[in-house]
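If you want the building blocks of each chain, they are given just below.
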Amino acid sequence: VQLQAFGGGWVQTGGSLRLSCAASGHTDSTYDMGWFRQATGKEREFVALINWSGSSTYYQDSVKGRFTISRDNAKNTVYLQMNGLKTEDTAVYYCAAQPNSRPLRQFYTGPDYWGEGTQVTVSS
């Protein structure tokens, strides 16, 4: 499956952005999907995960209450609505996916598929 992310950009502190990730290819399989990010000089970190049906969501503690992950399976697309952005949210954001046959816990350390990143810059 191929993943392509959209929606990055520049925003001031407290602002909002919405990232989208469109999946193509073998989308007849069902996938858990989510987002990671990597700030300059730091390791890539988990941000949010949504299971294949959309019934369960998981977040990194630092984004809970500010970010919302959702999906539209008819469009093979997952979204990350980011509100109340902080300068520490500045990073390259990556979309990721794994078949729902994998344990969810595996997503945190090693999703099967990655998209190219999209830059999010938050300035004060």
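Preceding this paragraph is the structure being described.
Model, not experiment: these values are computed from the prediction. Position labels on residues start from 1 in each chain and follow its written sequence. Reporting in this predicted model follows two pLDDT cut-offs: at least 70 for local features of residues, and 80 or more for side-chain atom pairs to be given and counted; totals over whole chains, interfaces and linings ignore these cut-offs and use all residues. The side-chain figures draw on all heavy atoms in the structure; neither hydrogens nor water molecules are used.

### Quick look at the sheet that holds strand S1 (residues 2-6)
Stage number 1. What the four strands build is an open sheet, ordered S1-S3-S8-S7; its pairing is antiparallel. At either end of the open sheet lies a strand with only one pairing partner, and these are S1 and strand S7 (67-72). When the angles between neighbouring strand axes are averaged without regard to direction, this sheet yields 15 degrees.
Stage number 2. Of the pairings in the sheet, the one linking strand S3 (residues 17-24) to strand S8 (residues 77-82) comprises six bridges and is antiparallel in character. Counted as the bridge partner of Leu19 is Leu80 from S8. By definition, two strands form a pair when at least two bridges between them are found by DSSP. Only runs of H or I of at least four residues qualify as helices and only runs of E of at least two qualify as strands under DSSP, and these elements are numbered from the N terminus. To obtain an axis, a line is fitted to C-alpha atoms, over the contacting stretch when the element is a helix, and the angle between two such axes runs from 0 to 180 degrees between their N-to-C directions.

### Focus: the nonpolar core
Stage number 1. Only buried Ala, Val, Leu, Ile, Met, Phe, Trp, Tyr and Cys residues count toward a nonpolar core, and they belong to the same one when joined by side-chain atoms within 4.5 Å. Type-normalised accessible area, obtained with a 1.4 Å probe on protein chains alone, sets the label of each residue: buried when under 20%, exposed when over 50%, and partly exposed for intermediate values. Counting residues in hydrophobic clusters, the biggest one holds 28 residues, and the most contacted among them are Met33, Trp35, Leu80, Met82 and Tyr93.
Stage number 2. Phe46, Leu49, Ala96 and Phe107 belong to the second-largest nonpolar core, a separate cluster that totals five residues.

### Section: the packing of aromatic side chains
Working definition: an aromatic ring pair is given by the centre-to-centre distance plus the angle between the planes.
Stage number 1. Two rings from Phe, Tyr or Trp (for Trp, the six-membered ring) form a pair when their centres sit within 6.5 Å of each other. Planes less than 30 degrees apart are called stacked, planes more than 60 degrees apart edge-to-face, and all others tilted. With the rule as written, the count across this model stands at six aromatic pairs.
Stage number 2. Between Phe36 and Phe46, the ring centres sit 5.8 Å apart and the planes meet at 80 degrees, which makes this aromatic pair edge-to-face. Taken as a pair, Phe36 in strand S4 (residues 31-38) and Phe46 in strand S5 (residues 45-50) lie far apart in primary sequence, 10 residues in all. Accessibility assignment for this pair places Phe36 and Phe46 in one class, buried.
Stage number 3. Ring centres of Phe36 and Phe107 lie 5.5 Å apart, and the angle between their planes is 35 degrees; this geometry places the pair in the tilted category. One end of the pair, Phe36, is in strand S4; the other, Phe107, is in helix H1 (residues 104-107), with 71 residues separating them in the sequence.

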